[in-house]
Amino acid sequence: MNIKPKILYISYDGLLEPLGQSQILSYLKILSKDFNISVLTFEKKKDWLNKKNVHSVRTIVDDYSLDWISLSYTSRPYVVSTLYDISKGISKAFYLVLTRKIEIIHARGDISALIAFIITRFKNLKFIFDMRGFWADERVDWGIWKKKNSSYFVFKFLENQFFSKADAIVSLTKVGLDRIKEMVKIEENKVTLKVIPTCADLQLFYLSKEIPKELVMAHVGAVESRYEFHRTLQVFKTIQKISPSELHIINKGEHDYIKEILEENQISLSNVKIFESLYTEMPDNLSKISFGAFFPKKGFYLNGYFPTKLGEFLACGKPLVCGKVNEDVETIIKKNKVGIIIDFEENISVEDKLRELMEILNSEGISEKCREVSEKLFSARNGAKDYRSLYKSLLD
């Protein structure tokens, strides 16, 4: 009987969150065939209240023999709560390393990397820094921190330590790795560098050939901090001039704020649907739209940013319109002609760009084309294959 290598996967994001299901479970359930995986996550109390979602996640965890250890996520008081979570994580991770003979710690994001970094100073384990973007810069660019904030300097210092000490670094984008090499001297003969973009669960997100009677544009996710939501509304108002249109906003917890913004922008609620969705319900919701839209806030963090929703829209056969993100994202959209990019900093006609989008929407076989791109670039199976080869290279 072959003994599977033991992996400890640490994530500060919870499995009960949509992101946890799309970007963690989708990989781990495939990797569990070859590895014995313990998953340490931090779960928000409110997420336990959704019994249907909890049951769905537990079923996947049990079906694929994943060992899930959940700690409570603490949100207050600010800073102290994060330090408390880190201390809990270090204690629990140390226990798991000692009792389960862990060989690799796979840390997803900066908080998890700090836990792994401390443990690997004391235990001789392989350390994967799965960076998920430039986190400290993200918080500044989103307006959560000031650039002069001590937390920013601390985490930029730690980020460099992670880059220097990790046995492997995973970036969502090629341009992200290029920035890392500019910031830190990396001995590439000693450190494995990989680009693995966000994936889409292609078994869940199915190809939809449903064509709405009217044009339906969709925004998925937060609106206040992460996106230039006013650009989404600008695009919607413009496309209404071209064709009768409806806007679907799939969002959690910001519905009152969204209604205020819609009113300020003189957009009638009769043309808008605002609703929440379970992750497992997203494919059905995306089947009812014509195209997706998102306009991330500008900043340095975009170098390491890769939107999960890109693969999910395309998997359902839906083109998209987005702002200028980075070279990786732009190449995919432009090369494959599965959407348009609107750079509002350029002197362009938004209406002309949206007429380009209409041509794409009306082109023959566009749904199948979007699906083909997602299968080629965003398959969770392909991503798991990359992680599998990374694990095995570190164990050799």
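Residues numbered from 1 in each chain as written. Predicted model: local features only at pLDDT ≥ 70, side-chain atom pairs only at ≥ 80, totals over all residues. Heavy atoms only, no water.

A.B. asks: Got a sec to walk through the sheet that holds strand S6 (residues 168-171)? Specific residues and values, please.
C.D. replies: Note: strands within a sheet are paired through backbone hydrogen bonds, in either parallel or antiparallel orientation. Read from one edge of the open sheet, 7 strands run S3-S2-S1-S4-S5-S6-S7, paired in parallel fashion. At either end of the open sheet lies a strand with only one pairing partner, and these are strand S3 (67-72) and strand S7 (192-195). Neighbouring strand axes in the sheet, compared pairwise and without regard to direction, differ in orientation by 15° on average. Relative to strand S5 (residues 126-130), strand S4 (residues 104-108) runs parallel, the two sharing 5 bridges. (Pairing = 2+ DSSP bridges. Helix = DSSP H or I, 4+ residues; strand = E, 2+ residues; numbered from the N terminus. Axes fitted to C-alpha atoms, helices over the stretch in contact; angles between N-to-C directions.)

A.B. asks: Describe the packing of helix H1 (residues 18-31) against helix H2 (residues 51-63), with residues and values.
C.D. replies: Here H1 crosses H2 at 25°, and the two axes come no closer than 10 Å. In terms of orientation, H1 and H2 fall into the roughly parallel class. Judged by residue contacts, Gln 21, Leu 25 and Lys 29 of H1 engage Asn 53, Val 57, Ile 60 and Val 61 from H2. Grouping the amino acids of the contact of H1 with H2 by side-chain chemistry returns 4 nonpolar, 2 polar and 1 charged. (Parallel < 35°, antiparallel > 145°, perpendicular 65-115°, else oblique. Contact = heavy atoms within 4.5 Å. Nonpolar A, V, L, I, M, F, W, Y, C, P; charged D, E, K, R; others polar.)

A.B. asks: Hey, could you go over the packing of aromatic side chains for me, with residue numbers and the actual values?
C.D. replies: One pass over the structure, following the stated rule, counts 19 aromatic pairs. On the basis of an interplanar angle of 65° and a centroid distance of 5.7 Å, the ring pair of Phe 117 and Phe 162 is categorised as edge-to-face. Taken together, the positions of Phe 117 in helix H4 (residues 110-122) and Phe 162 in helix H6 (residues 150-165) put the pair 45 residues apart, joining distant regions of the chain. By the burial criterion, Phe 117 is buried, and Phe 162 matches it. Taking the centre distance of 5.4 Å and the plane angle of 80° together, the rings of Trp 135 and Trp 145 count as edge-to-face. You can see Trp 135 sitting in helix H5 (residues 135-141) and its partner Trp 145 sitting in the loop between H5 and H6, a full 10 residues away along the chain. Chaining the aromatic ring pairs together yields one cluster made of Phe 117, Phe 129, Phe 162 and Phe 163. Taking NZ or CZ as reference, Arg 231 lies 4.2 Å from the ring centre of Phe 344, over its face. Across the ring face of Phe 294, the terminal group of Lys 309 is positioned such that the distance to the ring centre comes to 5.7 Å. (Phe/Tyr/Trp six-rings, centres within 6.5 Å; stacked < 30°, edge-to-face > 60°. Buried < 20%, exposed > 50% of the residue type's maximum accessible area, 1.4 Å probe, protein only. Lys NZ or Arg CZ within 6 Å of the ring centre and 35° of its normal.)

A.B. asks: Residue-level account of a negative patch on the surface, with values.
C.D. replies: Residues Asp 256, Glu 260, Glu 263 and Glu 264 make up a contiguous surface patch of negative charge. Note that Glu 263 resides in helix H9 (residues 255-264). Look at Glu 263 and you get exposed, because its relative accessible area is 64%. (Patch = residues over 30% accessible without salt bridge, like charges linked within 9 Å, V, L, I, M, F, W, Y side chains within 5 Å. Areas by Shrake-Rupley, 256 points an atom, 1.4 Å probe, with all protein chains shown as cover. Salt bridge = Lys/Arg side-chain N within 4 Å of Asp/Glu carboxyl O. Lys, Arg positive; Asp, Glu negative; His and termini not counted. Charge placed at Lys NZ, Arg CZ, Asp CG, Glu CD.)

A.B. asks: Got a sec to walk through helix H14 (residues 366-377)? Specific residues and values, please.
C.D. replies: For H14, spanning 12 residues, the distance from its first C-alpha to its last is 17 Å, which sits close to the expected 16 Å at 1.5 Å a residue. On the buried face of H14, the contacting elements are helix H11 (308-315), helix H12 (327-336) and helix H13 (350-362). (Expected span 1.5 Å × (residues − 1).)

A.B. asks: Tell me about the sheet that holds strand S9 (residues 245-250), and name the residues and values.
C.D. replies: With parallel pairing, 6 strands are arranged side by side in an open sheet as S10-S9-S8-S11-S12-S13. Of all the strands in the sheet, just strand S10 (272-275) and strand S13 (339-341) have a single pairing partner and so form its edges. Averaged over all neighbouring strand pairs, the angle between strand axes comes to 20°, with direction disregarded. Direction of pairing for strand S12 (residues 320-322) relative to S13: parallel, over a ladder of 3 bridges. Pairing of Leu 320 across the sheet is with Gly 339, part of S13. Contacts from H9 reach S9 and S10, with the element oriented near 160° to S10.

A.B. asks: Tell me about the packing of helix H3 (residues 80-100) against H4, and name the residues and values.
C.D. replies: Interaxial distance between H3 and H4 falls to 9 Å at its minimum, and their mutual angle equals 45°. Relative to H4, the element H3 lies oblique. Helix-helix and strand crossings are classified by hand; for H3 and H4 the assignment is right-handed. Across the interface between the two elements, Thr 82, Ile 86, Gly 89, Ile 90, Ala 93, Phe 94 and Val 97 of H3 pack against Ile 111, Leu 114, Ile 115, Ile 118, Ile 119 and Phe 122 of H4. (Left-handed = near helix turned anticlockwise from the far one by under 90°.)

A.B. asks: Describe H1, listing the residues and the values that go with them.
C.D. replies: For H1, which comprises 14 residues, the first-to-last C-alpha distance of 19 Å matches the rise-based estimate of 20 Å (1.5 Å per residue) to within 8%. Counting buried positions along H1 yields 12 of 14 residues, so the element is predominantly enclosed. Turning to H1, its buried residues number three or more, namely Gly 20, Gln 21, Ser 22, Gln 23, Ile 24, Leu 25, Ser 26, Tyr 27, Leu 28, Lys 29, Ile 30 and Leu 31. Buried residues in H1 make contact with strand S1 (6-11), strand S2 (36-43), H2, S4, H11 and helix H15 (380-395).

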